[in-house]
Amino acid sequence: MSRGVFTAHTPDTVPAAARATMAGVHRKLGHLPAAVALMAESPELLKGFLTANAVFEATDLDPVAREVVVLTVATRNECHLCVAMHTATLTRHDAPPELVAALRAGNDLPDRRLDALRRFTLAVLDHRGAVPDDELDAFLAAGWLPRHALDVVLGVGTYTISTFANRLTDAQLDPPLAAYAWEPAA
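Draft legend 1. Fine view of helix α5 (residues 80-92). Under the 1.5 Å per step criterion, the end-to-end length of α5 is 19 Å for 13 residues, consistent within 8% with the ideal 18 Å. For α5, every residue scored as buried is listed here: Leu81, Cys82, Val83, Ala84, His86, Thr87, Ala88, Thr89 and Leu90. Residues of α5 that are buried sit in contact with α2 (34-39), α4 (63-76), α6 (97-105) and α9 (146-169).

Have a look at this one:
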């Protein structure tokens, strides 16, 4: 079975249940990302991801911290599209280039507090939520709060949906993201 079984929907072909959601994304962004066009095959998946993403965006984590979580999940799950998209987001937030490069490479971050967030995100992924006490303690000792640990879980869940869907459908980069292309290390 080939990846060609997934349809990159247009406003004319989108399932009726995803029509309003897809139109809203188009209005908000001014274009329809390829990943959204593919996710629209399952209106519930598309709506679920976008809803979870909106909730994650409302957490107590600041925008750069949220992107640390997202890029950590995206690189771990090898979603080239997510890495490119969220590299662009960090660039818009004026994140230091060395922070962006370290996240893309999966290396220690130059900022101790953000690196504790990256390491905790990896621990959530690696231990499927059952993070050992010493790793949770290190996260909290870096100045994060217990609520932030739960915000990380929300981010991991949200971006597991996106990274898995994008990889399953073989979603391609939209042309504006070409400058941020990424491939996993061999």
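What follows picks up the thread again.
Draft legend 2. Structural view of the packing of aromatic side chains. Within the structure shown, the criterion is met by four aromatic pairs. Here the aromatic rings of phenylalanine 49 and tyrosine 159 are separated by 5.6 Å at their centres, their planes lie at 85°, and the arrangement is edge-to-face. Within this pair, whereas phenylalanine 49 is found in helix α3 (residues 43-57), its partner tyrosine 159 is found in helix α9, the two being separated by 110 residues in sequence. The same class applies to phenylalanine 49 as to tyrosine 159, namely buried. Look at phenylalanine 120 and phenylalanine 139: their rings are 4.1 Å apart centre to centre, the planes differ by 20°, and that puts the pair in the stacked class.

Draft legend 3. Representation of the pattern of salt bridges in the model. As enumerated under the stated definition, the model contains seven salt bridges in all. Note that arginine 76 is salt-bridged to aspartate 126, the shortest N-O span being 2.3 Å. Residue arginine 76 is found in helix α4, and its partner aspartate 126 is found in helix α7 (residues 112-126); the two are separated by 50 residues along the sequence. Residue class for aspartate 126 comes out partly exposed when judged on its relative accessible area of 41%. Here arginine 118 makes a salt bridge to aspartate 115, at a shortest N to O gap of 2.9 Å. You can see arginine 118 and its partner aspartate 115 sitting in helix α7, three residues apart, about one turn around the helix.

Draft legend 4. How the structure looks around the environment of alanine 52. With respect to the secondary-structure elements, alanine 52 resides in helix α3. In sequence terms alanine 52 and glycine 155 are 103 residues apart; their C-alpha atoms lie 8.4 Å from each other.

Draft legend 5. Layout of unusual backbone geometry. Of note, glutamate 78 is a non-glycine position whose phi angle comes to about 55°, a positive value. Within the secondary structure layout, glutamate 78 lies in the loop between α4 and α5. The class of glutamate 78 is partly exposed, set by a relative accessible area of 36%. At aspartate 94, a residue that is not glycine, the phi angle is positive and equals roughly 55°. With respect to the element layout, aspartate 94 can be found in the loop between α5 and α6.

Draft legend 6. Quick peek at the environment of valine 131. Mapped onto the fold, valine 131 is located in the loop between α7 and α8 (133-141). Residues valine 131 and phenylalanine 120, 11 residues apart in the sequence, show an inter-C-alpha distance of 8.2 Å. Other than its neighbours up to four places away in sequence, valine 131 contacts Phe120, Ala123, Val124 and Leu136.

Draft legend 7. Highlighting the nonpolar core. In terms of nonpolar packing, the biggest core is built from 53 residues, with Leu114, Leu117, Trp144 and Val152 touching the most fellow members. Broken down by secondary-structure element, the contributors of at least two residues to this core are α1 (16-29), α2, α3, α4, α5, α6, α7 and α9. The element that contributes the greatest number of residues to this core is α4, accounting for eight residues. Sequence-distant contacts of leucine 114, that is, excluding residues within four places in its chain, are made with Val64, Ala65, Val68, Leu99, Leu109 and Trp144.

Reading guide: rules and limits
Residues numbered from 1 in each chain as written. Predicted model: local features only at pLDDT ≥ 70, side-chain atom pairs only at ≥ 80, totals over all residues. Heavy atoms only, no water. Helix = DSSP H or I, 4+ residues; strand = E, 2+ residues; numbered from the N terminus. Expected span 1.5 Å × (residues − 1). Buried < 20%, exposed > 50% of the residue type's maximum accessible area, 1.4 Å probe, protein only. Contact = heavy atoms within 4.5 Å. Phe/Tyr/Trp six-rings, centres within 6.5 Å; stacked < 30°, edge-to-face > 60°. Salt bridge = Lys/Arg side-chain N within 4 Å of Asp/Glu carboxyl O. Core = buried A, V, L, I, M, F, W, Y, C linked by side-chain atoms within 4.5 Å.

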